[in-house]
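Read off the chains here:
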Amino acid sequence: MSTLNTTEPQTRGAGAPTRRGGASGRRTRPIGRPQLYRHLMLIALASMMFYPLAWMLGASFREDGQINDPGVWPGEHFTLDGYVDGWAGVSGVPFLRFILNSLLVSGAIVVANLVACSLTAYAFARIDFAAKKVWFGVMLGTLMLPHHVILIPQYILFRELDWINTYLPFIVPKLLATDAFFVFLLVQFFRAIPRELDEAARIDGCGHVGIFARVVLPLSKPALATTAIFSFIYSWNDFFTPLIYLTDTELYTVPLALRSFIDATSYSAFGALFAMSVISLLPVLGVFIAFQRLLVEGIATSGLKG
Amino acid sequence: MTTTTQRTSSPAARPRGTVGPRSRRRRENLAGYAFMAPWFLGFLGIVGGPVVVSLYLSFTDYSVLGSPEWVGTANYERMLTDDPRFLSALRVTLVYLVVSVPLVQVFALFLASVLNRGIRGLPVYRALFYVPSLIGGSVAIAILWRFVFQGDGLFNGLLGIVGIDTGYSWIGEPATALDTLIVLNVWQFGAAMIIYLAGLKNIPAELYEAATVDGAGTWRKFVSITLPMLSPVILFNVLMNMVAAFQAFNTAYIVSNGTGGPADSTLFYTLYLYQRGFVDFQMGYASALGWVLLIVSAAITALLFALSRRLVHYGDER
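Residues numbered from 1 in each chain as written. Chains lettered and ligands numbered in written order. Predicted model: local features only at pLDDT ≥ 70, side-chain atom pairs only at ≥ 80, totals over all residues. Heavy atoms only, no water.

A. Structural view of the environment of Gly86 of chain A. Residue and element names in this part refer to chain A. Within the secondary structure, Gly86 sits in helix H2 (residues 81-87). Between the C-alpha atoms of Gly86 and Leu96, which are 10 residues apart in sequence, the distance is 9.9 Å. Not counting residues within four places of it along the chain, the set of residues in contact with Gly86 comprises Phe95, Phe261, Ala272 and Met276. (Helix = DSSP H or I, 4+ residues; strand = E, 2+ residues; numbered from the N terminus. Contact = heavy atoms within 4.5 Å.)

B. Representation of the confidence of the model for chain B in the model. All names here are of chain B. Put simply, chain B has an average pLDDT of 88, and 93% of its residues get 70 or more. Looking at the elements of chain B, mean pLDDT is at its lowest for helix H7 (residues 154-161), recorded as 87, and at its highest for helix H13 (residues 269-279), recorded as 96. This model gives residues 1-14 a pLDDT under 50, and the stretch forms 12 contacts once residues within four places in sequence are excluded. This prediction of the complex comes with two scores: 0.87 for pTM and 0.86 for ipTM. (pLDDT = per-residue confidence, 0-100.)

C. How the structure looks around the packing of aromatic side chains. If you walk through the whole model with that rule in mind, you get 54 aromatic pairs over all chains. Members of the aromatic cluster, joined through ring pairs, are Tyr155, Phe158, Trp163, Phe239, Phe240 and Tyr245 of chain A together with Phe249, Tyr253, Tyr274 and Phe278 of chain B. Against the face of Phe136 of chain A rests Arg191 of chain A, its NZ or CZ located 5.0 Å from the ring centre. Just above the ring of Tyr285 of chain B sits the side chain of Arg78 of chain B; from NZ or CZ to the centre is 3.8 Å. (Phe/Tyr/Trp six-rings, centres within 6.5 Å; stacked < 30°, edge-to-face > 60°. Lys NZ or Arg CZ within 6 Å of the ring centre and 35° of its normal.)

D. Looking closely at a negative patch on the surface. Among the surface-exposed residues, Glu63, Glu76, Asp81 and Asp85 of chain A lie close enough to one another that they form a single negatively charged patch. Its place among the elements puts Asp85 of chain A in helix H2. (Patch = residues over 30% accessible without salt bridge, like charges linked within 9 Å, V, L, I, M, F, W, Y side chains within 5 Å. Areas by Shrake-Rupley, 256 points an atom, 1.4 Å probe, with all protein chains shown as cover. Salt bridge = Lys/Arg side-chain N within 4 Å of Asp/Glu carboxyl O. Lys, Arg positive; Asp, Glu negative; His and termini not counted. Charge placed at Lys NZ, Arg CZ, Asp CG, Glu CD.)

E. Highlighting unusual backbone geometry. Residue and element names in this part refer to chain B. Look at the link from Gly261 to Pro262: it is a cis peptide, with omega at 0 degrees. Tracing the sequence through the fold places Pro262 in the loop between helix H12 (250-255) and H13. The backbone of Asn257 shows a phi angle near 55 degrees, a positive value even though the residue is not glycine. Position of Asn257 among the secondary structure elements: in the loop between H12 and H13.

F. Broad picture of helix H13 (residues 270-290) of chain A. All names here are of chain A. Taking 1.5 Å of rise per residue, 21 residues should cover 30 Å, and H13 covers 30 Å from first to last C-alpha, within 8% of that figure. Largest kink in H13: about 30 degrees, centred on Leu282, with the proline Pro283 one to four residues after it. H13 sits mainly inside the fold: 15 of its 21 residues count as buried. (Expected span 1.5 Å × (residues − 1). Bend = angle between axes of the 7 residues up to and from the residue. Buried < 20%, exposed > 50% of the residue type's maximum accessible area, 1.4 Å probe, protein only.)

G. Up close: the confidence of the model for chain A. Of all residues in chain A, 84% have pLDDT values of 70 or greater, and the mean over the chain is 85. Taken as a whole, residues 1-28 of chain A scores under 50 in pLDDT and shows 48 contacts with residues more than four places along the chain or in a different chain.

H. Structural view of the interface of chain B and chain A. With 111 residues of chain B in contact, the opposing surface of chain A contributes 105 residues. In total, about 9900 Å² of surface goes out of reach between chain B and chain A, with carbon and sulfur atoms giving 74% of it. Of all residues in chain B, Phe35, Trp39 and Ile46 of chain B bury the most surface against chain A, accounting for 9% of the area lost on that side. At the boundary of chain B with chain A, the tally comes to zero salt bridges. For the pair chain B and chain A, the number of links is 12 residue pairs in polar contact (both at pLDDT 80 or more). Top contributing element to the side of chain B that touches chain A by residue count: helix H2 (residues 37-57) of chain B, with 14 residues. Counted by class, the side of chain B that touches chain A contains 73 nonpolar, 26 polar and 12 charged residues. (Buried area = accessible area lost by both parts, 1.4 Å probe. Polar contact = N/O pair within 3.5 Å; in protein donor to acceptor, adjacent residues only side chain to side chain. Nonpolar A, V, L, I, M, F, W, Y, C, P; charged D, E, K, R; others polar.)

Here it is, written out as structure tokens:
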């Protein structure tokens, strides 16, 4: 992939027509017919894509028993029962508990990823040590490794360590920089920082620790933010890890709690299930709205998937 | 490594002027391994090590309790000769991959091209189309999908409006259950679209101008300029989407209540591995399944790279 260009303001040019790559150079034309058609098509497509979400939001405020009503607006059937019932939680554990659990795990993962991945990336980007290329290649190789190959030995190891029903199987792997994608993202970014800055710091008496902490990290805020945001979103959505490592309802994270809701919910009482599903999406959507630009640039430059 | 000559940094730039090249080299080695210690330990302990351990386990019978019992190639033989569910799991995942990954590319590339032609509100569209990629893998969306495509779900409700009254459960019938999951994957084309948009911006406008002068039409320009110039990005997206498709799990689990049903039609490979490992506690067999997944995905990746040698155009080769 191309090198990071997050620092170039050019890519942020909000509504400005792009300078390159346009099929032709007509950049200042007013909204004409073709442009209008394209807007109509895009709006139609976006509406189609968002309709199920809007429907779910509406249905979460609707009285039970009208699941196949395609309408979005609950109207006279409006009720908050879904939210009240859902907030009461599963088997005596309130839903707020699951949210706090998820926040705790996701927060710890964000910190762990930031620390471990940036240290590792600094080594690969800035220090000339023996066999660096080999290890870098190995690190890239783990990007393509299907997670399920290492799942069983990891589970056995964590089980031997008595880590079942703790959050350690979530956090320790991140402390050990196993999210190779973030290491790669940060290496790319660190490499783009001019080496002259290192030399200047070295003349001022800085070693690698000083260069890392005072030169590289402060200049890498966009990449670090991207790492933090994606770490949060991935771990917030993670269903598989809690599924295999958590059996104690008190410790459930939100996705696992939602799964229990399905089992506990009678067929007709979808209100609570929908209500809590909507709530579970809010943090991710909130993070997206707050950091939209960073996220979009993050994937554009590094290929990170949502 | 130690015999190679010193790298670019000139001796004059050395701090404090007293350290020789050799001790400098040793210090760099020390610093390098110290900084990457987290990753290195992680690789040995919970990534690379486990790859080897799971290879060993794949030749054993192991139920977590007790110790692994060597059974030779019995797990692999059972897979190939005596386990129809393994074959359907492999088939389901491959169908899912072969259908949805190209569809995602078509949607993503088409919309990226539309957006790249200079349109007002580009950031808004870009953000909107990206949202499904962020939430598509979540349990909440899997739940939504269930309620959209079940017999009395939203989709049939919509069909009812236009007068088509089916009680058909799209998610409950083996013939269409996997299709609903493919739709869900295509719904998340936004991430790939953003990467294509970034790629399109890097194609020099002069190429298009020259082609226009030569009288090339839109389609011709797309085929002769956009596709070749974008081919490295396409390869990248296909690879990434493929890795993700191989590992898809959540939606199939939620939609089928963990069974992979109806009739194993949504039994993703990972779901089957999960069932063997964490429901039946056949850790040896599950490890063998993991290794087959590794081999199949490595083979497909290698095939893709072999194809790309013919099809992918990198700017610097000639």
